[in-house]
Amino acid sequence: MNNLKGLLRIRIKRGVNLAVRDINTSDPYIIIRMGKQKLKTRIIERDVNPVWNEDLTLFVYDTALPIKLEVYDHDFFTTDDKMGDAEFDIQPFLDGLKKNLKNVPSGTVITRIKPSKSNWLAEESCITWRNNVVVQDLCLRLRHVECGEVEIELHWIDVPGCKLV
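Residues numbered from 1 in each chain as written. Predicted model: local features only at pLDDT ≥ 70, side-chain atom pairs only at ≥ 80, totals over all residues. Heavy atoms only, no water.

Asker: Can you explain the packing of aromatic side chains? Please cite residues and give values.
Answerer: Counting across every chain of the model gives one aromatic pair. Seen in terms of ring centroids, Tyr 29 and Tyr 72 are 5.7 Å apart; in terms of plane orientation they differ by 20°. Their pairing is stacked. Within this pair, whereas Tyr 29 is found in strand β2 (residues 28-34), its partner Tyr 72 is found in strand β5 (residues 67-73), the two being separated by 43 residues in sequence. Accessibility assignment for this pair places Tyr 29 and Tyr 72 in one class, buried. (Phe/Tyr/Trp six-rings, centres within 6.5 Å; stacked < 30°, edge-to-face > 60°. Helix = DSSP H or I, 4+ residues; strand = E, 2+ residues; numbered from the N terminus. Buried < 20%, exposed > 50% of the residue type's maximum accessible area, 1.4 Å probe, protein only.)

Rendered as C-alpha cells:
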C-alpha cells in the first residue's frame, strides 16, 4: 500500500458569499489538492451561496502535507475564473483520532482551533466525537479574493493493514 495511512473523506458542504465572476452570479466548483492528488466537485450553476454536500476522498500517505482548496467559476467560452483559495493542516484532526474516546458521550468537543494568521479559519473549528467517529467542521475564509467562505467537514476512514501511527 506504499505507506498509506488511511483515507480522508472531505464533505464539501457549501460556499457562503462567494465572489461574483459572471453578470451578478457565478458557476462555482471546488478543486481539492493534496500532494499529487486532485479532486473536483460538480459545478453549481448561477449561485454565489452554493450547497454541494458532496464527499471527496483522498488517499493520505504523508500526514504533514497541507490540503489546498481552490474555488473556480466555470466558463463555457473562456478560461475558468479563480474565486479564491484556502489551505488547511490535518494534524490537529489526526491528533484527535489518536485519543481513547470509547466512553466519551457523542457530541463531546475534543479540541477547539481558533482562527489565526497561520490558518484560514473564518471561525473557531471544533474537532468532535460524534456517533462513534471523530469529525472536524471547518469554515475556511478564501484568500486572494474579495469575499467568500467554504464550509467543510473531515472524516477519517481506516484502511485494513494501514497504520496512522
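So that's the structure; there's more coming.
Asker: I'd like to hear about the layout of surface pockets, residue by residue, with values.
Answerer: Considering only enclosed or pocket space, the largest pocket measures out at about 360 Å³ in volume. Leu 97, Lys 98, Trp 156, Asp 158 and Leu 164 are the residues nearest the centre of the largest pocket, which is lined by 15 residues in total. A class-by-class count of the residues in the lining of the largest pocket yields nine nonpolar, one polar and five charged. For the second largest pocket, the calculated volume is near 180 Å³. Along the wall of the second largest pocket there are 13 residues; nearest its centre are Glu 87, Phe 88, Asp 89, Ser 118 and Asn 119. The set of elements that each furnish at least two residues to the lining of the second largest pocket consists of β6 (81-88) and β9 (133-141). If you tally residues by element for the lining of the second largest pocket, the top one is β9, at three residues. Among the residues forming the lining of the second largest pocket, the class breakdown is eight nonpolar, three polar and two charged. (1 Å grid on protein atoms, 1.4 Å probe; cavity = no way out; pocket = protein on both sides within 12 Å on 5 of 7 lines; lining within 4 Å. Points joined across faces, edges and corners; volume = space filled by probe spheres on them. Nonpolar A, V, L, I, M, F, W, Y, C, P; charged D, E, K, R; others polar.)

Asker: Summarise the pattern of salt bridges; cite the residues concerned and give the values.
Answerer: By the definition in use, this model includes 15 salt bridges. A salt bridge links Asp 85 to Lys 82; its shortest N-O distance comes to 3.6 Å. Arg 130 is the partner of Asp 137 in a salt bridge, and the nearest nitrogen-oxygen pair spans 2.8 Å. Residue classification places Asp 137 among the partly exposed positions, given a relative accessible area of 23%. Note on Arg 130: relative accessible area 27%, which makes it partly exposed. Because the salt bridges share partners, they merge into one network encompassing Lys 13, Arg 130, Asp 137 and Glu 153. (Salt bridge = Lys/Arg side-chain N within 4 Å of Asp/Glu carboxyl O.)

Asker: Describe the sheet that holds strand β8 (residues 125-130), naming the residues involved and giving the relevant values.
Answerer: Taken together, the six strands give an open sheet; going across it, the order is β4-β1-β10-β9-β8-β7, and neighbouring strands pair in antiparallel fashion. Taken across any chain shown, the strands that pair with only one partner, and hence form the sheet edges, are β4 (51-60) and β7 (108-113). Across the sheet, the axes of successive neighbouring strands diverge by a mean angle of 20°, strand direction being ignored. (Pairing = 2+ DSSP bridges. Axes fitted to C-alpha atoms, helices over the stretch in contact; angles between N-to-C directions.)

Asker: Could you give me a rundown of unusual backbone geometry, with the residues and numbers involved?
Answerer: The general pattern is negative phi for most residues beyond glycine and trans for most peptide bonds. Of note in the backbone geometry, Asn 131 takes a positive phi value of approximately 55° without being a glycine. By the secondary structure assignment, Asn 131 is in the loop between β8 and β9. Even without a glycine there, the phi angle at Asn 132 is positive, about 70°. Examined against the element boundaries, Asn 132 turns out to sit in the loop between β8 and β9. Among the residues examined, Asn 132 registers a relative accessible area of 61% and is labelled exposed.

Asker: An account of the side chain of Asp 75 is requested, with residue identities and associated values reported.
Answerer: Looking at the secondary structure, you find Asp 75 in the loop between β5 and β6. The buried charged residue Asp 75 lacks any salt bridge partner; its closest oppositely charged side chain belongs to Arg 21, at an N-O distance of 8.4 Å. Not counting chain neighbours up to four residues away, the residues in contact with Asp 75 comprise Asp 22, Asp 80 and Asp 81. (Lys, Arg positive; Asp, Glu negative; His and termini not counted. Contact = heavy atoms within 4.5 Å.)

Asker: Describe the pairing of strand β1 (residues 6-16), and please don't skip the residues or the numbers.
Answerer: Judged from the eight bridges that link them, β1 and β4 form a sheet pairing that is antiparallel. Bridge pairing links Gly 6 to Val 60 in β4. Judged from the nine bridges that link them, β1 and strand β10 (residues 149-157) form a sheet pairing that is antiparallel. Bridge assignment links Ile 10 to a residue of β10, and that residue is Leu 154.

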